[in-house]
Amino acid sequence: MDVESLFTNVPIDDTIEIICKEVYHTDGKKLTIPEETLRTLLRTCTKEAAFYGPDGKMYVQCDGVAMGSPLGVLFANFYMGAVEEKVFAKNPDIKPTVYARYIDDIFINANTEEEVLHLIENFKKHSCLNYTHELEEENKLPFLDVMVHRSSSCFSTSVYVKSTNLGFCLNGKSDCPENIDTASSMPLSGGLSHTHPHGMQSTLN
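Residues numbered from 1 in each chain as written. Predicted model: local features only at pLDDT ≥ 70, side-chain atom pairs only at ≥ 80, totals over all residues. Heavy atoms only, no water.

**Things to note about the packing of helix α4 (residues 72-90) against helix α5 (residues 113-125)**
Across the interface, α4 lies against α5 with an axial gap of 9 Å and an inter-helix angle of 115°. Viewed along their axes, α4 and α5 form a crossing whose handedness is right-handed. Contact with α4, carried on its side by Met-80, Val-83, Glu-84, Val-87 and Phe-88, involves Leu-119, Asn-122 and Phe-123 of α5 and no other residues of that element. Its residues assigned to classes, the contact of α4 with α5 shows six nonpolar, one polar and one charged. (Axes fitted to C-alpha atoms, helices over the stretch in contact; angles between N-to-C directions. Helix = DSSP H or I, 4+ residues; strand = E, 2+ residues; numbered from the N terminus. Left-handed = near helix turned anticlockwise from the far one by under 90°. Contact = heavy atoms within 4.5 Å. Nonpolar A, V, L, I, M, F, W, Y, C, P; charged D, E, K, R; others polar.)

**As for the environment of Glu-17**
Here Glu-17 is to be found in helix α2 (residues 12-24). The spatial distance from the C-alpha of Glu-17 to the C-alpha of Arg-39 is 7.8 Å, given a sequence separation of 22 residues.

**Quick word on the sheet that holds strand β9 (residues 155-159)**
Sheet strands associate in pairs through backbone hydrogen bonding, adopting either a parallel or an antiparallel arrangement. In spatial order, the strands read β7-β8-β9; together these three strands make up an open sheet with antiparallel pairing. The open sheet has two edge strands with one neighbour each: β7 (140-143) and β9. Each adjacent strand pair in this sheet contributes to an overall mean axis angle of 30°, direction not counted. For β7 and strand β8 (residues 146-150), the ladder comprises four bridges, and the chain directions are antiparallel. Bridge assignment links Lys-140 to a residue of β8, and that residue is His-149. (Pairing = 2+ DSSP bridges.)

**Some words on the packing of aromatic side chains**
Throughout the structure, instances matching the rule amount to seven aromatic pairs. Measuring from centroid to centroid gives 6.0 Å for Phe-88 and Phe-123, while their planes differ by 75°, and the two rings are edge-to-face. In this pair, Phe-88 is assigned in helix α4 and Phe-123 in helix α5, connecting sequence segments 35 residues apart. Of the two residues examined, Phe-88 and Phe-123, each falls in the buried class. Ring centres of Phe-123 and Tyr-131 lie 5.6 Å apart, and the angle between their planes is 80°; this geometry places the pair in the edge-to-face category. On the basis of relative accessible area, Phe-123 is assigned to the buried category, the value being 0%. Of the residues examined, Tyr-131 reaches a relative accessible area of 7% and is grouped as buried. The positively charged end of Lys-95 is found above the aromatic ring belonging to Phe-88, 5.4 Å away from the centroid. (Phe/Tyr/Trp six-rings, centres within 6.5 Å; stacked < 30°, edge-to-face > 60°. Buried < 20%, exposed > 50% of the residue type's maximum accessible area, 1.4 Å probe, protein only. Lys NZ or Arg CZ within 6 Å of the ring centre and 35° of its normal.)

**Here we look at the pairing of β8**
Here β7 folds back onto β8 in antiparallel fashion, the turn holding two residues, of which Leu-144 has a positive phi close to 60°. In this sheet, β9 lies alongside β8 in antiparallel orientation, the contact comprising five bridges. The residue bridging His-149 from the neighbouring strand is Ser-156, located in β9. Between β8 and β9, which pair antiparallel one after the other, the connecting turn spans four residues.

Everything listed is a geometric property; what it means functionally is a separate question.
What follows is the structure in structure tokens.
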């Protein structure tokens, strides 16, 4: 499953309330700043962050988190976590035996496509988001940088590379900022760190 345009569709006001409830009204260590101060700071950094458009005019994004915002992942994860809690609390029987989410990408194990569609409908009922889904082909399904292989008794993984990848890599000795040099190797290292040893060996070869 995939959440369509999650960052720009996150409801800011609802998510701020979710964050404040989790921080100040549940068990655990509380922040030293007052709740209203945190609420104001979050609102200021999202709903009141002005930017210039291509026409030279200044705009304010009224809802959703701007792409590239440092708060994007925080808001997206808090909102999706709240949606998941609602869905599975009210319908515990529909929770898949395997459910894994990385921000807006969700990997689940389901017996039929109808189960996937039923789950999507429940997610839509409890959120303002739209969802798409992709089914496995020949017992394989890509998830992030990993290709997941399903057998009758277990899953195995290998590094997944998109068909559009031309195989070009940034020369490690080239003259470029260190953060870009490091970032260029992250997809491969991420895929390798979650890959079965057999899949890793075939990739390195």
